[in-house]
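An overview of the molecular structure
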There are 2 protein chains.
Amino acid sequence: MAKKIARNTFIMENPPTIHSFAGIAGKTEGEGPINYCFDEICEDSYFGQETWEKAESELIKRTINKAIEKGGLKADDVDYMFAGDLLNQCIGTTYGIRELNIPVFGIYGACSTMSEGLALGALMTDSGLGGNVIAATSSHYAAAERQFRFPLSYGGIRTPTSQWTATAAGAAVITPKYTAPYIRGVTVGKIVDMGVTDAANMGAAMAPAAAYVIKTFLTDTAMTPADFDSIVTGDLGTIGSSLLIDILKGENIDISMKHKDCGVMLYDPQKQDTHAGGSGCGCSASVLCGYFLNKLKTGELKNILFCATGALMSPTSAQQGESIPGISHAVFISNTDRFSDS
Amino acid sequence: MAKKIARNTFIMENPPTIHSFAGIAGKTEGEGPINYCFDEICEDSYFGQETWEKAESELIKRTINKAIEKGGLKADDVDYMFAGDLLNQCIGTTYGIRELNIPVFGIYGACSTMSEGLALGALMTDSGLGGNVIAATSSHYAAAERQFRFPLSYGGIRTPTSQWTATAAGAAVITPKYTAPYIRGVTVGKIVDMGVTDAANMGAAMAPAAAYVIKTFLTDTAMTPADFDSIVTGDLGTIGSSLLIDILKGENIDISMKHKDCGVMLYDPQKQDTHAGGSGCGCSASVLCGYFLNKLKTGELKNILFCATGALMSPTSAQQGESIPGISHAVFISNTDRFSDS
């Protein structure tokens, strides 16, 4: 049974396993520096569908099915899932999972969704409440552009601080303890709003929320950055990443040698014109399920703190002059299931 | 610790208490037949704010604060919350709870959100993972109209099957066992899509999902409609309610004498021109927290099965010709904490 050690931090007593996982990416992501790590790269941005939104549904469906299949399971073996996405009313997820016949808790955490799903899935599983529980999320560049900014055909100019919504998805199947990688701890995030109003600078808006959750997890567990191979954020990009490191330095926590950002890892900004880096729910989800979990499984990495980061704004809130609140949840994922090994 | 008795049904071992709760409603809801049950009726549709969306944020904030205050608590006493709403990217919730400084799991279940939050809150609490956990949600008529249909100033004609999005919110604080009402069981819902494409007939789209979850809960727990004072759906309205009763009759389950729908209860359609009844996340949340929980607390009601119902569509999915998938989660709430008493 998971143990609550502070207001919002939990340690797993019998750390659940991430039994199987899959990451699928689009064409642009498939041309990036970590393209080797994905289970599939789809050259067709429409994923065989008629619209961008239906493409995203096909993407998340395909990713969930891949994770189930890699685990030697069927959809009926899954007890329930935690899933959501960035499209209005989470329609990417709804229409993607509609035919799977799996009970579902819909979640919304913007680009922090993968952390949120893993956290809830691990807490439920370690408390005996789930056999095979899925956490999944997705994003699609073209669907996000037209919903949040402009339709692609408008040809809008992107500012240097802007980020590139990844066409990508990740899905993980969590089971009671069996084999690495294990989920060993969780800190639930809070909404942190430092007053950033530039919707083309999401990384800066999300960095304080990431700093809060990293600091809280480390403090509550009495761990330090030295205990981790990597402290991974979701999609702060280059600008948000610098800001995160600076904020934590101000708190006497130096993660500069340990920090990795999935948004920075996913593209080569020089060659790919992706400006400050990747974003979108699928960015951190696909990099976790493609890159990090494979390395944790083989033992190449021992311990990571995965903190997907979300910007909880909408075009309506931006138009009404609101600032951009951020949130991030921390998930401690390890190659071993015991704290003494770390 | 909650016990998993089937794929997606759980029974609480030490049923958590709904320690305190609040329901706040708008002017129209305050003129309806159950107006006496709310903690506050706000005559100002703007709730003192400049926009409808900010009004909804103020509404959910005020409702959460009321529930906390009624429980003799402070925001800092709350471990974390499950909350979400219908606005794009759930901005009603985000900006409403921003200043509360409470860790949060964002959830999205359209109008099933209150059931989803109660289910997760109860499962976590009964598993020792939470002290005071909040489930909350909201909706606002004018914000929903302009997002999903037309701005009010357009003066669009409403069809007879259309429903009226409630300006209302509900919030509940869940704690380890102390006093009635108790949450005693949960069935997690599945997406059910019977192909309804009329976005002005949401009740019909959601009825099959409600039927699925009611049937599953009764089957898994070996309970019958006779065990309940009321089997409560969220916002099927008059048309969806008839359909639900018919679907279940086809499965040899007769709930006709026990069924109550919050959308039907909230308004007087003859006097209030609300057509098929109320809808919106806040409809079932406010009726639960205003009407049912008070009667469960006093013992006037012994047992209810609360099944808020959600239509998981968006204007984009409707424009793209998609049908409307529904979802509903079942939550068994009781005046007593033991099955033998029921």
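To be clear, the structure that these remarks concern was listed above.
How each quantity is defined
Residues numbered from 1 in each chain as written. Chains lettered and ligands numbered in written order. Predicted model: local features only at pLDDT ≥ 70, side-chain atom pairs only at ≥ 80, totals over all residues. Heavy atoms only, no water. Contact = heavy atoms within 4.5 Å. Buried area = accessible area lost by both parts, 1.4 Å probe. Salt bridge = Lys/Arg side-chain N within 4 Å of Asp/Glu carboxyl O. Helix = DSSP H or I, 4+ residues; strand = E, 2+ residues; numbered from the N terminus. Nonpolar A, V, L, I, M, F, W, Y, C, P; charged D, E, K, R; others polar. Buried < 20%, exposed > 50% of the residue type's maximum accessible area, 1.4 Å probe, protein only. Pairing = 2+ DSSP bridges. Core = buried A, V, L, I, M, F, W, Y, C linked by side-chain atoms within 4.5 Å. Phe/Tyr/Trp six-rings, centres within 6.5 Å; stacked < 30°, edge-to-face > 60°. Lys NZ or Arg CZ within 6 Å of the ring centre and 35° of its normal. Least-squares fit on C-alpha atoms with pLDDT ≥ 70 in both. Axes fitted to C-alpha atoms, helices over the stretch in contact; angles between N-to-C directions. Parallel < 35°, antiparallel > 145°, perpendicular 65-115°, else oblique. Left-handed = near helix turned anticlockwise from the far one by under 90°.

It is worth spelling out the interface of chain B and chain A at this point. With 64 residues of chain B at the contact, the number on the chain A side is 64 residues. Of the roughly 5200 Å² buried between chain B and chain A on both sides combined, carbon and sulfur atoms contribute 59%. For the interface between chain B and chain A, the tally reads 6 salt bridges. Put simply, A:Arg98 and B:Asp193 hold a salt bridge, and the shortest N to O gap is 2.7 Å. Of all the secondary-structure elements, those providing two or more residues to the side of chain B that touches chain A are α1 (52-70), β5 (80-85), α2 (91-97), β6 (104-106), α3 (113-126), α4 (141-148) and α10 (315-319) of chain B. In terms of residue count, the dominant contributor to the side of chain B that touches chain A is α3(B) (5 residues). Partitioning the side of chain B that touches chain A into residue classes produces 33 nonpolar, 19 polar and 12 charged.

What follows is about unusual backbone geometry. The omega torsion across A:Ala180 and A:Pro181 is 0°, close enough to zero to call that bond cis. Within the secondary structure, A:Pro181 sits in the loop between β9 (168-175) and β10 (182-187). If you check the backbone angles, B:Gln89 has positive phi at about 55° while not being a glycine. With respect to the helices and strands, the residue B:Gln89 is situated in the loop between β5 and α2.

Okay, helix α4 (residues 141-148) of chain A next. All names here are of chain A. Most of α4 sits out of view: 7 of its 8 residues are buried. Restricting attention to buried positions, one finds in α4 the residues Tyr 141, Ala 142, Ala 143, Ala 144, Glu 145, Gln 147 and Phe 148. Along its buried surface, α4 packs onto α1 (52-70), β7 (132-139), β8 (164-165) and α10 (315-319).

Moving on: the pairing of strand β11 (residues 230-233) of chain B. All names here are of chain B. Residues of β11 alternate between two faces, with Ser 230 and Val 232 on one and Ile 231 and Thr 233 on the opposite face, all of them buried. By the bridge criterion, 4 bridges tie β11 to strand β14 (residues 303-307) in an arrangement that is parallel. Considered in β14, the bridge of Ile 231 is made with Leu 305. Pairing of β11 with strand β12 (residues 259-261) involves 3 bridges; the strand directions are parallel. Its bridge partner being in β12, Val 232 is matched across the sheet by Lys 260.

This part is about the nonpolar core. Nonpolar side chains in soluble globular proteins tend to be buried together. The biggest cluster of nonpolar side chains holds 104 residues, and the ones touching the most others in it are A:Leu118 and B:Leu118. In contact with A:Leu118, other than residues within four places in its own chain, are A:Ile18, A:Ala135, A:Ala172, A:Ile174, A:Ile183, A:Leu288, A:Phe306, A:Val331 and A:Ile333. Formed by 90 residues, the second largest nonpolar core is a distinct cluster that contains A:Ile253, B:Val78, B:Met81 and B:Ala83.

Under the counting rule described, the total for this entry stands at 22 aromatic pairs over all chains. When the centroid spacing of 3.9 Å and the interplanar angle of 5° are considered together, the rings of A:Tyr141 and A:Trp164 count as stacked. Of the two residues, A:Tyr141 sits in helix α4 while A:Trp164 sits in strand β8, which places them 23 residues apart along the sequence. Across the pair, exposure class does not vary: A:Tyr141 and A:Trp164 are buried alike. Taken together, the aromatic side chains of A:Phe10, B:Tyr80, B:Phe82 and B:Phe105 make up a single cluster linked through ring pairs. Looking at A:Lys295, its charged tip hangs above the ring of A:Tyr291, at a distance of 4.7 Å from the centre.

Turning our attention to the relation of the copies chain B and chain A. For the pair chain B and chain A, the best superposition has an RMSD of 0.0 Å and corresponds to a rotation of 180° with a translation of 0.0 Å parallel to the axis. Between the two chains, the operation in question is that of a two-fold axis. No C-alpha of chain B lies nearer the rotation axis than that of B:Ile107, which sits 2.0 Å from it. Both copies share a contact surface, since 100% of the interface residues of chain B are interface residues in chain A too.

Our focus in this paragraph is the packing of α1(B) against α4(B). Residues and elements named next belong to chain B. Interhelical geometry of α1 versus α4 gives an angle of 135° and a closest axis separation of 8 Å. In terms of their interaxial angle, α1 and α4 are classed as oblique. Taken as a pair, α1 and α4 cross one another with a handedness that is left-handed. On α4, the residues that touch Trp 52, Glu 53 and Glu 56 of α1 are Ala 142, Ala 143 and Arg 146. The class makeup of the residues in the contact of α1 with α4 is 3 nonpolar, no polar and 3 charged.

With that settled, the discussion passes to the side chain of B:Glu322. Mapped onto the elements of the fold, B:Glu322 is located in the loop between α10 and β16 (326-328). In this structure, B:Glu322 is in contact with A:Lys54, A:Tyr95, A:Arg98, B:Thr197 and B:Ser317, ignoring residues within four places of it in sequence.

Time to look at the pattern of salt bridges. Inspection of the entire model under this criterion finds 29 salt bridges over all chains. Between A:Glu58 and A:Lys61 there is a salt bridge; the shortest N-O distance is 3.9 Å. Here A:Lys61 and A:Glu58 lie together in helix α1, a separation of 3 residues that amounts to about one turn. A salt bridge links A:Arg98 to B:Glu322; its shortest N-O distance comes to 3.2 Å. With A:Arg98 in the loop between α2 (91-97) and β6 (104-106) and B:Glu322 in the loop between α10 and β16, this pair bridges two chains. For A:Arg98, a relative accessible area of 18% gives the class buried. Among the residues examined, B:Glu322 registers a relative accessible area of 15% and is labelled buried. Taken together, the shared-partner salt bridges in this structure form one network comprising A:Glu40, A:Glu58, A:Lys61, A:Arg62 and A:Glu99.

Residue and element names in this part refer to chain A. Relative to the helices and strands, Cys 289 resides in helix α9 (residues 281-298). A relative accessible area of 0% means that Cys 289 is categorised as buried. Residues Cys 289 and Gly 23, 266 residues apart in the sequence, show an inter-C-alpha distance of 5.1 Å. Those residues within four positions of Cys 289 in sequence are excluded, and the remaining contacts are Phe 21, Ala 22, Gly 23, Met 114, Gly 170, Ala 171, Ala 172 and Asn 294.

Bear in mind that shape data such as this cannot, by itself, settle questions of function.
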